[in-house]
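This is what each chain is made of:
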Amino acid sequence: GYPTFQTPTMKPRNCSLSTCIIIASLCISSASAFVSRPSSTAGNPLPTQNVHQNVLCRRLSTSAESSHAVTGDATTATGSSSDAATTITVALTRELGKNTKLEGALTSHPGLRMMGLHLNVVELPCIEHAEGDELPKLVDILSSDAIGTYHYVVITSPEAARVLASAIDESDIDDMQKFNDIIKVAAVGKATGKALEKLGLSVDFVPSQATGETLATELPTIDSTKCTKVLYPASAKARNDIQDGLEARTNDADDVATFEFTRLNTYDTVPATFTASQMSLVDDIEIACFGSPSAVSSWLQNMDVKYNLQDVDDEAKKKLGAEGNGNVLAACIGTTSARAVLESGRWNAMDIYYPKENPGLDSWVDSIVQACGDVLEKKFWS
């Protein structure tokens with residue numbers, strides 16, 4: 001019964017937070033503040049279901065509201081206290097220690113100040129990384145003349161960048177500059193590009209949008225008369241979007257493939273199991289932030305444990321609605337993660353938030369703040 005996730009079609013939404021924002025405005029002596037959702041950025045990605053897309057708040061204050069940072073079962077107050085009506089608890093689910101930038105961007109977002117919101121930010125890592133079966137093959141390629149036969153290495157995450165740098169260190173390549181001289185590096189987005197550069201690797205190509213589909217469409221060929229060879233050290237759980245897209249590209253003249261693709265599963269993402277203290281925090285969480293389909297899957301596995309649903313079949317879990325997902329809104333980094341949330345059947349489509357275009361940290365934060373505004377509205381009316 002759940003329709004296939006499709007490319008968004010635009011539909012205006014006239015819902016606003018005007019009423020509750022006016023109340024919040026009085027509390028912070030700013031009666032003129034309000035939030036509106038521009039119809040040009042709110043949309044409907046499904047024929048029959050709505051999923052929130054990124055919207056930007058207007059008339060944002062330049063100063064951020066104080067917040068609370070919560071990690072594990074320890075709470076550190078970083079500003080003034082607030083009552084339950086204006087405090088929202090948000091869970092960050094990336095690997096341990098990799099939520100710092102997201103937390104900083106979120107707690108400093110001017111939209112929180114405008115709405116008079118306080119945040120409790122909880123770090124609940126949903127995934128851990130493990131070595132992939134084909135990592136030794138990558139080291140072997142780097143240590144031999146075979147690396148010189150490839151034109152590009154494609155990197156699609158900061159973790160993949162770290163794995164590549166580690167493999168280079170284990171290989172016979174003396175330094176990063178030698179690697180840069182041998183092969184071009186394509187990064188899926190700016191964040192991955194920055195991770196590569198911090199490791200001493202040059203970035204030769206970044207697509208206009210941070211998606212595998214866009215990379216596969218825009219990656220330039222090296223020589224129109226020869227097949228461009230691509231090496232892809234990836235997560236074992238990575239989708240085949242890049243491979244499918246590149247292998248579909250052909251020479252217009254004779255319909256010959258223009259790319260040859262080699263994928264190596266060099267690392268894997270495995271679910272993280274919540275401790276008892278982490279599980280106790282779930283009841284207070286109102287928004288869970290997902291940066292990958294693996295994080296979505298792990299979150300639901302932990303919810304199955306919390307609510308004793310391990311032996312319940314999938315269709316029965318779907319009928320539980322919010323009670324089966326921890327009663328949280330899902331704020332996703334992009335379309336791929338949002339699709340995973342939707343296709344799980346464990347969320348109402350209207351409880352899913354994601355940036356329609358330009359997935360990345362800033363647009364992800366905008367989507368989280370929109371979700372915060374909707375939680376505030378719900379609290380006001382209840």
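Since we're looking at a predicted model, the values are computed, not measured.

A. Spotlight on the overall build of the protein chain. A tally of regular secondary structure across the protein chain gives 14 helices and 15 strands. Going through the 382 residues of the protein chain one by one, you find that 49% of them count as buried. The long-range share in the protein chain, meaning contacts at least 24 apart out of those at least 6 apart in sequence, stands at 74%. With an accessible surface of roughly 17500 Å², the protein chain has 49% of that area assigned to carbon and sulfur atoms.

B. Highlighting the packing of aromatic side chains. Evaluated as defined, the whole model comprises 5 aromatic pairs. Here the aromatic rings of Phe274 and Trp299 are separated by 6.0 Å at their centres, their planes lie at 75 degrees, and the arrangement is edge-to-face. Of this pair, Phe274 sits in the loop between β12 (259-271) and α10 (276-281) while Trp299 sits in helix α11 (residues 293-306), and the two are 25 residues apart along the sequence. One exposure class covers both Phe274 and Trp299, and it is buried. Between the aromatic rings of Phe290 and Trp299, the centroid separation amounts to 5.9 Å while the plane-to-plane angle is 75 degrees, which identifies the pairing as edge-to-face. One exposure class covers both Phe290 and Trp299, and it is buried. Grouping aromatic residues by their ring pairs yields a cluster made of Phe274, Phe290, Trp299 and Trp347. It is Lys229 that lies over the ring of Tyr150; its NZ or CZ is 4.7 Å from the centre.

C. Structural detail: a negative patch on the surface. Taken together, the side chains of Glu131, Asp133, Asp169 and Glu170 present a region of like negative charge at the surface. Tracing the chain through its elements places Asp133 in the loop between β8 (127-131) and α4 (135-143).

D. How the structure looks around the environment of Thr211. For Thr211, the location among the structural elements is in the loop between α7 (190-198) and α8 (212-218). As for Thr211 and Pro359, which are separated by 148 residues in sequence, their C-alpha atoms are 7.7 Å apart. Setting aside anything within four residues of it in sequence, one finds Thr211 in contact with Val188 and Pro359.

E. Geometry of the side chain of Asp268. For Asp268, the position within the fold is in strand β12. For Asp268, the side chain forms a polar contact with the side chain of Lys237, separated by 2.9 Å. In this view, Asp268 contacts Glu128, His129, Ala130, Gly132, Ser235, Ala236 and Lys237; residues no more than four positions away in its chain are not counted.

F. Representation of unusual backbone geometry. Its identity as a non-glycine residue notwithstanding, Asn308 has a phi of 55 degrees, on the positive side. Looking at where Asn308 falls in the secondary structure, it is placed in the loop between α11 and α12 (314-319). Residues other than glycine seldom take positive phi values, yet Asn327 does so here, at roughly 55 degrees. Examined against the element boundaries, Asn327 turns out to sit in the loop between α12 and β14 (329-332). The exposed category is assigned to Asn327, whose relative accessible area is 55%.

G. Fine view of the packing of α4 against helix α5 (residues 158-170). Taken N-terminus to C-terminus, the directions of α4 and α5 make an angle of 55 degrees; their axes are 9 Å apart at the nearest point. Judged by the inter-axis angle, α4 sits oblique to α5. For the element pair α4 and α5, the recorded crossing hand is right-handed. Residues Leu135, Leu138, Val139 and Leu142 of α4 lie in contact with α5, whose contacting residues are Val163, Leu164, Ala167, Ile168 and Glu170. Considered class by class, the residues forming the contact of α4 with α5 number 8 nonpolar, no polar and 1 charged.

H. Inspection of the state of the cysteines at higher detail. Overall, the coordinates contain 0 disulfides when judged by the stated rule. Left unpaired, Cys372 is separated from the closest cysteine sulfur, that of Cys289, by 7.8 Å.

I. Molecular detail of the sheet that holds β8. Spatially, the 5 strands line up as an open sheet ordered β8-β12-β11-β9-β10, and their pairing is mixed. The sheet is open, and its two borders are formed by β8 and β10 (184-187), each paired with just one other strand. The mean inter-strand angle of the sheet, taken between neighbouring strand axes irrespective of direction, is 30 degrees. Here 2 bridges tie strand β9 (residues 152-155) to strand β11 (residues 228-235), and the two strands are oriented parallel to one another. Within β11, the position partnered with Val153 by the bridge is Leu231. Most of the contacts of α7 go to β10, to which it runs at about 140 degrees, and overall it touches β9 and β10.

J. Region of interest: the pairing of β11. The buried fraction of β11 amounts to 8 of the 8 residues, a majority that puts the element mostly inside the structure. Across 8 bridges, β11 lies against β12 in parallel orientation. Across the sheet, Ala234 pairs through a bridge with Asn265, a residue of β12.

K. Broad picture of α4. Looking only at α4, the buried set comprises Leu135, Leu138, Val139, Ile141 and Leu142. Considered in projection along α4, the buried side chains sweep an arc of 160 degrees and stay on one side of the axis.

L. Highlighting the side chain of Ser363. Its location among the elements puts Ser363 in helix α14 (residues 361-381). Given the relative accessible area of 9%, Ser363 is considered buried. Within the structure, the side chain of Ser363 is placed 3.2 Å from the backbone nitrogen of Gly360, a separation counted as a polar contact.

Conventions used here
Along each chain, residues carry numbers from 1 onward, in the same order as the chain's sequence is written. Per-residue local features are limited, in this predicted model, to residues with pLDDT of at least 70; the limit for side-chain atom pairs, both in listing and counting, is 80 or more; totals at the level of whole chains, interfaces and linings are taken over all residues. Side-chain calculation: all heavy atoms of the structure are included, whereas hydrogens and water are not. Counting from the N terminus, the helices are DSSP H or I runs at least four residues long and the strands are E runs at least two residues long. Each residue is assigned to one of three classes by its accessible area relative to the maximum for its type, calculated with a 1.4 Å probe on protein chains only: buried under 20%, partly exposed between the two thresholds, exposed over 50%. Residues are treated as being in contact if the distance between any of their heavy atoms lies within 4.5 Å. Reported accessibility uses the Shrake-Rupley method at a 1.4 Å probe radius. Residues are deemed covered only where the shown protein chains occlude them. Ring pairs shown here join Phe, Tyr and Trp side chains whose ring centres sit within 6.5 Å, with only the six-membered ring taken for Trp; geometry is labelled stacked below 30 degrees between planes, edge-to-face above 60, and tilted in between. Only when the NZ atom of a Lys or the CZ atom of an Arg is both within 6 Å of the ring centre and within 35 degrees of the ring normal do we say a charge sits over the ring. Grouping into patches uses exposed residues only, defined as over 30% relative accessible area, and leaves out salt-bridged ones; the cut-off is 9 Å for like charges and 5 Å for nonpolar side chains (Val, Leu, Ile, Met, Phe, Trp, Tyr). By definition, a salt bridge exists where a carboxyl oxygen of Asp or Glu is found within 4 Å of a side-chain nitrogen of Lys or Arg. Note that His is not counted, nor are the chain ends; the positive residues are Lys and Arg, and the negative ones are Asp and Glu. By convention, the charge on Lys lies at NZ, on Arg at CZ, on Asp at CG and on Glu at CD. Side-chain atoms alone can form a polar contact between residues adjacent in sequence; in general such a contact is a pair of N or O atoms within 3.5 Å, and within protein one must be able to donate a hydrogen while the other accepts it. An axis is simply a line fitted to the C-alpha atoms; with a helix, the fit covers only the stretch in contact. Between two such axes, the angle follows the N-to-C directions and lies from 0 to 180 degrees. Note on terminology: angles under 35 degrees are roughly parallel, angles over 145 are roughly antiparallel, angles of 65 to 115 are roughly perpendicular, and the others are oblique. Handedness of a crossing is defined here by the sense of rotation of the near helix relative to the far one, left-handed for an anticlockwise turn of less than a right angle and right-handed for a clockwise turn. Just so you know the grouping, Ala, Val, Leu, Ile, Met, Phe, Trp, Tyr, Cys and Pro go in nonpolar, Asp, Glu, Lys and Arg go in charged, and all remaining residues, Gly too, go in polar. By disulfide we mean two sulfur atoms from cysteines, separated by a distance within 2.5 Å. A pair of strands counts as paired when DSSP detects no fewer than two bridges linking them. The arc in question is the one traced by the directions running from the helix axis out to the C-beta atoms.

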